[in-house]
Amino acid sequence: FAKAFKRTFVVSLQQPGGEMLQYFDRLLVLDAGKVIFFGEPDRACEYFESLGFTKPKARSVPDFIATVADPAEFDSIVTEEARDTAPRTVDDFAQRYRESSFYEECEQRLNEGIHGSTEINKDNFHQKMSGERKKLMSRPALNPRTKQLDLVLRRGFRLEMLDKRTVLSGFIAFALIGLILGTLFLSLPLTADGAYSRNG
């Protein structure tokens, strides 16, 4: 779907299935709010194995990646050769990631995105943009907040009006409830006595 419509999707998964990772272009692994891996999903297992861990045969790759930084799993997945050098804490995993080639690649991509590539910085860039790109750059998500609020309200109204019967029945129900509650105050004295006549 994302590739067919050329859109970017961000998905948060706590316990992904065994074949789930193959549908993503990039994988971000967080533990205690710290990044311990970011890169291509099919290279994640290879990366953690390079740190001294091994995936048990009975466990899937996503399960191995999701629990590799768990101290309770350390003894069962670390190799004997790397027992003294493998990262143990989340801070250790985050530090090893910052020292990896994956981090350098991420930094390079971020710098290109912030400062712009050579192609983006060329003169008359907007004139050279294709019609598809111009349409993408003018999409509603890039409008000011006031415009976005207007679009959201209009969309919500249209969605509500798709089921006019429910909207009408709800309006009638609220009107009846309002009339019933209103009768509690019907003909009450406008003095202090009216405040205590129906206190139950």
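What you see is a predicted model, and the numbers here were worked out from it, not measured in a lab.

Caption draft 1: The arrangement of the packing of aromatic side chains in detail. Scanning the entire structure with this criterion turns up nine aromatic pairs. Look at F37 and F48: their rings are 6.0 Å apart centre to centre, the planes differ by 50 degrees, and that puts the pair in the tilted class. With a gap of eleven residues between them, F37 in strand β2 (residues 34-39) and F48 in helix α2 (residues 44-50) connect regions that are remote in the sequence. Plain terms: the ring middles of Y47 and F102 are 5.4 Å apart, the flat faces sit at 80 degrees to each other, and that makes the pair edge-to-face. Of this pair, Y47 sits in helix α2 while F102 is found in helix α6 (residues 101-115), placing the two residues 55 residues apart along the sequence. Across the pair, F102 and Y47 agree in class, each one buried.

Caption draft 2: Representation of the pairing of strand β1 (residues 27-31). Bridge count between β1 and β2: five bridges; the pairing is antiparallel. From the neighbouring strand, V29 faces β2, where its bridge partner is F37.

Caption draft 3: Up close: the environment of T67. Position of T67 among the secondary structure elements: in helix α3 (residues 61-67). With 36 residues separating them in the primary sequence, T67 and D31 have C-alpha atoms 9.3 Å apart. Residue contacts for T67: discarding those within four places in its chain leaves R59 and E73. Separated by 2.8 Å, the side chain of T67 and the backbone oxygen of D63 make a polar contact.

Caption draft 4: Examining a negative patch on the surface more closely. Negative charge collects at one region of the surface, where E40, D42, E46 and E49 lie side by side. Residue placement: D42 occurs in the loop between β2 and α2. A relative accessible area of 63% places D42 in the exposed class.

Basis of the calculations
Residues numbered from 1 in each chain as written. Predicted model: local features only at pLDDT ≥ 70, side-chain atom pairs only at ≥ 80, totals over all residues. Heavy atoms only, no water. Phe/Tyr/Trp six-rings, centres within 6.5 Å; stacked < 30°, edge-to-face > 60°. Helix = DSSP H or I, 4+ residues; strand = E, 2+ residues; numbered from the N terminus. Buried < 20%, exposed > 50% of the residue type's maximum accessible area, 1.4 Å probe, protein only. Pairing = 2+ DSSP bridges. Contact = heavy atoms within 4.5 Å. Polar contact = N/O pair within 3.5 Å; in protein donor to acceptor, adjacent residues only side chain to side chain. Patch = residues over 30% accessible without salt bridge, like charges linked within 9 Å, V, L, I, M, F, W, Y side chains within 5 Å. Areas by Shrake-Rupley, 256 points an atom, 1.4 Å probe, with all protein chains shown as cover. Salt bridge = Lys/Arg side-chain N within 4 Å of Asp/Glu carboxyl O. Lys, Arg positive; Asp, Glu negative; His and termini not counted. Charge placed at Lys NZ, Arg CZ, Asp CG, Glu CD.

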